[in-house]
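Inside the fold
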Amino acid sequence: MELDIATPRWAVPLLQPSRYKGAHGGRGSGKSHFFAERLVEDCVVNKNLRAVCIREVQKSIRFSSKQLIADKINALGVSHLFDIQRDLIKRVGGEGVILFQGMQDHTADSIKSLEGFDRAWIEEAQNISATSLRLLRPTIRGDDSEIWASWNPKSKDDAIDVFLRGELAPSNSIVVEVNVADNPFATQTLLDEYADDRRRAIKMQQAGDANAWNLFEWVWHGAYLEFSEAIIFSGRYVVDEFEPQPDWTEVYYGSDWGFAQDPTTLNRMFEHDNILYIRDEAHQVGCEIDHLPDLFDKVPGARTHEIRADNSRPETISYMKRQGFKIKAADKWPGSVEDGITFMKKYKQIVIHPDCPETAKEFKVYSYKVNKAGDVLPEILDLHNHHMDGIRYGLQPLIRNRKRQAPATGGTRTF
Ligand SMILES: Nc1ncnc2c1ncn2[C@@H]1O[C@H](COP(=O)(O)OP(=O)(O)OP(=O)(O)O)[C@@H](O)[C@H]1O
Ligand SMILES: [Mg+2]
């Protein structure tokens, strides 16, 4: 029989067979529904398929995926193929079964009851312990068996994140990220909740709640819940839509040149009402010099406004001038990076337009060095700083002005 299941675009990579499959992301993105549907489909196709839905802790069957799977069986019109019992679901006409279990209820011995199972779906996998994962993996051992995980990430040190997203992630794994904006089935109520939460987080941050945005990103965008003091712009920026208004005359363009692995960047930003608005970005790794004009032309007004750029490549600046750009080298001075950061931190808020995903990524992780004891050092890590540097170059006249106006330090003081 054929099942008619609409697959959301984000889930297409997960349709092919793979030993490990993972979907992580924010609330309401469709992770649970997708895996529940796949499981029903697999059970329809193979009447002997044995599957187990796993959580680290499952206080009762009510806290399992059973209801969702039962709903999917009904929605897909295949109830005649299943016998839905109190604690499990059986496949009619075969040996197939779907169990619901908590890993905490298992021991190294009892887990062996799952040998020969073809599917294990770990729901809320951010809670699975390293021990549980280690016990489970070799247990699900049949040919073509698969282990699935769906989760809302919390920490990059959680067992599932280390396993499926860490440096040593298995090669036979397919892992996708998904958020509510990718969920074509999202209800209006859910989307309103998202928009509302976003507005609230932005307001709360402006009012001085440095964690509001981090929390929002954790809940809705699947970001790790981190309040690291080492993150330089933590609590100072948000990602939100806006349009520059005709009276926003403070517009600046800043660029950083890429080398080998590093991207060449250009940003257009506005200063208004003590808020820094970053509206556009251009970003390309390995951009050849003759492609630079095209790259810059992605940013509106790049040919009609002054651009300030990294001064380390005078020949590139000359080339861009010959191509008709009003571009000049930005000054650097001892401590110019720190001065730029201090300057940018004084804004009431930094608002990054969603059209600038690479810029937003840098703001999220740009950090100070941390020593082995976990102390934050007053030195800046030379990483994730391409847009960051470009933005500083763009704002450089403002940074310098502010610096000149700053009261002189040192010298003698008389009382
Ligand atoms: N395949 C689908 N068919 C019908 N509705 C869906 C489907 N996928 C998602 N939805 C709708 O989107 C909502 C969110 O989906 P789902 O519960 O699967 O998200 P999730 O990523 O598991 O969220 P959470 O992180 O909150 O557990 C559902 O409540 C449902 O309304
Ligand atoms: Mg879910």
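Keep in mind that this is a model prediction, so the values were computed, not measured.

Considerations on the nonpolar core
Generally speaking, soluble globular proteins have nonpolar side chains that are buried together. Ile278 and Ile352 are the most contacted members of the largest nonpolar core, which has 43 residues in total. Once residues lying within four places of it in the same chain are set aside, the contact partners of Ile352 are Tyr237, Val239, Ile278, Thr359, Ala360 and Phe363. Ala36, Ile73, Ile122 and Ala125 belong to the second-largest nonpolar core, a separate cluster that totals 41 residues.

Some details on the domain arrangement of the protein chain
As assigned here, the protein chain comprises domain 1 (13–182) and domain 2 (228–405). Computed from C-alpha atoms alone, the centre-to-centre distance between domain 1 and domain 2 is 43 Å.

Section: the sheet that holds strand S2 (residues 50–55)
If you trace the eight strands from one edge of the open sheet to the other, you get S3-S4-S5-S2-S6-S7-S1-S8, paired in mixed fashion. What marks the edges here is a single partner per strand, and that holds for strand S3 (82–84) and strand S8 (173–178). Going from strand to strand, the sheet's axes swing by 15 degrees on average, the running direction of each strand aside. Pairing between S3 and strand S4 (residues 89–91): three bridges, direction antiparallel. The residue bridging Phe82 from the neighbouring strand is Arg91, located in S4.

Quick word on the site of ligand 1
In the vicinity of ligand 1, 13 residues are found, and the nearest of them are Gly30, Lys31, Ser32, His33 and Phe185. In the shell around ligand 1, the residues fall into two nonpolar, eight polar and three charged.

As for the environment of Phe35
With respect to the helices, strands and loops of the structure, Phe35 is situated in helix H1 (residues 31–45). It is 9.2 Å that separates the C-alpha atoms of Phe35 and Glu123, two residues lying 88 residues apart in sequence. What Phe35 contacts, discounting residues up to four positions off in sequence, is Trp121, Trp148 and Ser150.

Conventions and cut-offs
- Residues numbered from 1 in each chain as written.
- Chains lettered and ligands numbered in written order.
- Predicted model: local features only at pLDDT ≥ 70, side-chain atom pairs only at ≥ 80, totals over all residues.
- Core = buried A, V, L, I, M, F, W, Y, C linked by C-beta atoms within 7 Å.
- Buried ≥ 20, exposed ≤ 12 C-beta atoms within 10 Å, placed from the backbone.
- Contact = placed C-beta atoms within 7 Å.
- Domains from an automatic or database assignment.
- Pairing = 2+ DSSP bridges.
- Helix = DSSP H or I, 4+ residues; strand = E, 2+ residues; numbered from the N terminus.
- Axes fitted to C-alpha atoms, helices over the stretch in contact; angles between N-to-C directions.
- Near = placed C-beta within 6 Å.
- Nonpolar A, V, L, I, M, F, W, Y, C, P; charged D, E, K, R; others polar.

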